[in-house]
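# Observations on chain architecture
The lines below spell out each chain.
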Amino acid sequence: EAGVAQSPRYKIIEKRQSVAFWCNPISGHATLYWYQQILGQGPKLLIQFQNNGVVDDSQLPKDRFSAERLKGVDSTLKIQPAKLEDSAVYLCASSLEVGWESIYEQYFGPGTRLTVT
Amino acid sequence: AQSVTQLDSQVPVFEEAPVELRCNYSSSVSVYLFWYVQYPNQGLQLLLKYLSGSTLVKGINGFEAEFNKSQTSFHLRKPSVHISDTAEYFCAVGVYSSASKIIFGSGTRLSIRP
């Protein structure tokens, strides 16, 4: 079974530029998550999709961040314009959540390391 | 609100020595607890989880954790570590409102000395 795919793996941009990250979850996983992991901290949930609908985006800075999951499969996270404090690893995860045992069981991609200069 | 606190940001141990990584949680409702591991330049991987039942949970790679309700703790242990266990370890708590989500602690970096 293929894992969660993310691209690019690394990105360096200047502040005020825009950037987009792509995620393809595990086939059949209805729930998709985007996390921001700042160096030295745990991952922080930015947005959660159930199929192509947003379940939770309470921690997404909506003035500059946006995300979409148009066909309920892959997803794109965009930052426009970027700030220095956006430097972080952006992790995508997916989950199946069929039955009690699989609830909360998220599968993570390798992440995209963003450096804003 | 639910949260987790990882008391040690770094834990250095010698190879083949035992290790304990500490985690305390706060929750006013049912508790679902997890340990994830993040190897260098990789995504997170589930080590083990506690949803209900036995308070001693066994995970992958020889790790285990014990849920202690009275002390609100979920410490991770391994009796003998290897160089390959060098990684960042995250304790996490599950939250359910309209859907399930996980809140992560700040992480503990485990470094193994030969």
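Just above sits the structure.
In short, a report on the structure. (Residues numbered from 1 in each chain as written. Chains lettered and ligands numbered in written order. Predicted model: local features only at pLDDT ≥ 70, side-chain atom pairs only at ≥ 80, totals over all residues. Heavy atoms only, no water.)

## Some words on the sheet that holds strand 8 (residues 75-79) of chain A
Residues and elements named next belong to chain A. Taken together, four strands build an open sheet; the order of strands is 1-3-8-7 and the sheet is antiparallel. Each edge of the sheet is formed by a strand with only one pairing partner; in this case those strands are strand 1 (5-7) and strand 7 (65-68). Here the strands of the sheet are splayed against their neighbours by 15° on average, with no regard to which way each runs. Here strand 7 runs beside strand 8; their pairing, made up of four bridges, is antiparallel. Following the sheet pairing, Glu68 is matched in strand 8 by Thr76. (Pairing = 2+ DSSP bridges. Helix = DSSP H or I, 4+ residues; strand = E, 2+ residues; numbered from the N terminus. Axes fitted to C-alpha atoms, helices over the stretch in contact; angles between N-to-C directions.)

## Describing the interface of chain A and chain B
Contacts between chain A and chain B engage 26 residues on the former and 23 residues on the latter. Asp56 of chain A is the salt-bridge partner of Lys101 of chain B, the closest N and O atoms lying 2.6 Å from each other. For the interface between chain A and chain B, the tally reads five residue pairs in polar contact (both at pLDDT 80 or more). Sorting the residues of the side of chain A that touches chain B by element identifies strand 4 (31-37), strand 5 (44-50) and strand 6 (53-56) of chain A as the ones contributing at least two each. Considering every element that reaches the side of chain A that touches chain B, the biggest residue donor is strand 4 of chain A, with three residues. Of the residues that constitute the side of chain A that touches chain B, the class distribution is twelve nonpolar, eight polar and six charged. (Contact = heavy atoms within 4.5 Å. Salt bridge = Lys/Arg side-chain N within 4 Å of Asp/Glu carboxyl O. Polar contact = N/O pair within 3.5 Å; in protein donor to acceptor, adjacent residues only side chain to side chain. Nonpolar A, V, L, I, M, F, W, Y, C, P; charged D, E, K, R; others polar.)

## Describing the layout of surface pockets
Each pocket or cavity is described by its volume, and for the largest pocket that value is around 630 Å³. In terms of lining, the largest pocket is formed by 33 residues, of which the most central are Gln37, Leu39 and Arg113 of chain A together with Gln38 and Arg109 of chain B. Of all elements in the fold, only strand 9 (88-95) and strand 11 (112-116) of chain A together with strand 10 (87-96) and strand 12 (108-113) of chain B reach the threshold of two or more residues within the lining of the largest pocket. Among the elements that take part in the lining of the largest pocket, strand 11 of chain A stands out by supplying four residues, more than any other. What the second largest pocket holds in volume is close to 150 Å³. Around the second largest pocket sit Gly3, Val4, Ile26, Glu105, Gln106, Tyr107 and Phe108 of chain A together with Leu44, Gln45 and Leu46 of chain B, which together line it. When contributions to the lining of the second largest pocket are tallied by element, the ones reaching two or more residues are strand 10 (107-108) of chain A together with strand 6 (44-50) of chain B. Examining the composition of the lining of the second largest pocket, we find that three residues originate from one element, strand 6 of chain B, more than from any other. Residues belonging to the lining of the second largest pocket are distributed by class as follows: six nonpolar, three polar and one charged. (1 Å grid on protein atoms, 1.4 Å probe; cavity = no way out; pocket = protein on both sides within 12 Å on 5 of 7 lines; lining within 4 Å. Points joined across faces, edges and corners; volume = space filled by probe spheres on them.)

## As for the pairing of strand 8 (residues 64-68) of chain B
All names here are of chain B. Burial along strand 8 is one-sided: Ala65 and Phe67 are buried, and none of Glu64, Glu66 and Asn68, which face the opposite way, are. Once strand 7 (residues 56-58) ends, the chain turns through five residues before running back antiparallel as strand 8, passing Asn61 with a positive phi of about 60°. Counting the residues between successive antiparallel strands, the hairpin from strand 8 to strand 9 (residues 73-78) contains four residues, one of them, Thr72, with a positive phi of roughly 45°. (Buried < 20%, exposed > 50% of the residue type's maximum accessible area, 1.4 Å probe, protein only.)

## Examining the state of the cysteines
As enumerated under the stated definition, the model contains two disulfides over all chains in all. With a sulfur-sulfur separation of 1.9 Å, Cys23 of chain A is cross-linked through a disulfide to Cys92 of chain A. Between Cys23 of chain A and Cys92 of chain A the sulfur-sulfur dihedral comes to about -70°; the bridge is accordingly left-handed. Taken together, the positions of Cys23 of chain A in strand 3 (residues 19-24) and Cys92 of chain A in strand 9 put the pair 69 residues apart, joining distant regions of the chain. Residues Cys23 of chain A and Cys92 of chain A agree in their burial class; the two are buried. What pairs with Cys23 of chain B in a disulfide is Cys91 of chain B, and their sulfur atoms sit 2.0 Å apart. (Disulfide = S-S within 2.5 Å.)

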